[in-house]
Amino acid sequence: MQEENKRFMAEAIRLASENVTKNNGGPFGAIVVKDGTIVGSGYNQVTATNDPTAHAEVMAIRDACKNLNTFQLDGCILYTSCEPCPMCLGAIYWARPDKIYYGCTKDDAAAIAFDDAFIYEELNVPLSSRKIPTIGISREAALKAFELWSNNAKKISY
């Protein structure tokens, strides 16, 4: 099993390296594996697509969900060339894979100017004190959509 994990991690690292070589974006690659088969892959496309959410893990999750025709990755394993950033970690938890394997650490990423520490810190700051003003508005009106969801007998829970 350890050799299989190393083989899959090598693929995530290959995607990261190829992405740098092609100058498509940052040095990050990820794959999703189910039952020993790669079902999704992705690499950082932030600058190539002008999409700040186009991180390797998000792209791999999107690809795997499309290929598996599902919005959850039960029974899957995510291999990523670097420890996930806060955004990717949130996406991973929403996708619900069984396990995550990562290569480089967040400290390794910070050493090459991909530092997410400020986001981790912001998560613990009260909304009123965050660097980007975060202001609640129209809560009563917005709650109507939540009521519709709660009362919808046809909803698909996730």
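See the structure printed just above.
Now for a description of the structure that goes with this document.

### Some words on helix H3 (residues 56-68)
The first and last C-alpha atoms of H3 sit 18 Å apart over 13 residues, in line with the 18 Å expected at 1.5 Å per residue. Within the span of H3, buried status applies to Ala 56, Glu 57, Val 58, Met 59, Ala 60, Ile 61, Ala 64 and Cys 65. In this structure, the buried residues of H3 make contact with strand S1 (29-34), strand S2 (37-43), strand S3 (76-82) and helix H4 (86-95). A positive phi of about 55 degrees marks Asn 69, the residue just after H3.

### Here's the deal with the side chain of Asn 44
Tracing the chain through its elements places Asn 44 in the loop between S2 and helix H2 (46-49). Only 3.1 Å separates the side chain of Asn 44 from the backbone nitrogen of Gly 26, close enough to count as a polar contact. Excluding its chain neighbours within four sequence positions, the residues that come into contact with Asn 44 are Asn 19, Asn 24, Gly 25, Gly 26, Phe 28, Ala 54, His 55 and Ala 56.

### Some words on a nonpolar patch on the surface
A surface patch of nonpolar side chains, about 640 Å² in accessible area, is lined by Phe 71, Trp 94, Trp 149, Ile 156 and Tyr 158. Along the chain, Trp 94 falls in helix H4.

### Quick notes on the packing of aromatic side chains
In total, this model carries six aromatic pairs according to the counting rule given. Ring geometry for Tyr 79 versus Tyr 101: centroids 5.1 Å apart, planes at 10 degrees, classification stacked. Within this pair, whereas Tyr 79 is found in strand S3, its partner Tyr 101 is found in strand S4 (residues 99-104), the two being separated by 22 residues in sequence. Take Tyr 79: its relative accessible area is 1%, and that puts it in the buried class. Relative to Tyr 158, the ring of Trp 149 has its centre 6.3 Å away and its plane inclined at 75 degrees; by these criteria the two rings are edge-to-face. Accessibility expressed as a relative area gives 40% for Trp 149, which makes it partly exposed. By relative accessible area, which is 57% here, Tyr 158 ends up exposed. An aromatic cluster of at least three residues, connected via ring pairs, comprises Phe 71, Trp 94, Trp 149 and Tyr 158. A cation over a ring is seen here: Arg 7 above Phe 8, with NZ or CZ 4.5 Å from the ring centre.

Rules used in this analysis
- Residues numbered from 1 in each chain as written.
- Predicted model: local features only at pLDDT ≥ 70, side-chain atom pairs only at ≥ 80, totals over all residues.
- Heavy atoms only, no water.
- Helix = DSSP H or I, 4+ residues; strand = E, 2+ residues; numbered from the N terminus.
- Expected span 1.5 Å × (residues − 1).
- Buried < 20%, exposed > 50% of the residue type's maximum accessible area, 1.4 Å probe, protein only.
- Contact = heavy atoms within 4.5 Å.
- Polar contact = N/O pair within 3.5 Å; in protein donor to acceptor, adjacent residues only side chain to side chain.
- Patch = residues over 30% accessible without salt bridge, like charges linked within 9 Å, V, L, I, M, F, W, Y side chains within 5 Å.
- Areas by Shrake-Rupley, 256 points an atom, 1.4 Å probe, with all protein chains shown as cover.
- Salt bridge = Lys/Arg side-chain N within 4 Å of Asp/Glu carboxyl O.
- Phe/Tyr/Trp six-rings, centres within 6.5 Å; stacked < 30°, edge-to-face > 60°.
- Lys NZ or Arg CZ within 6 Å of the ring centre and 35° of its normal.

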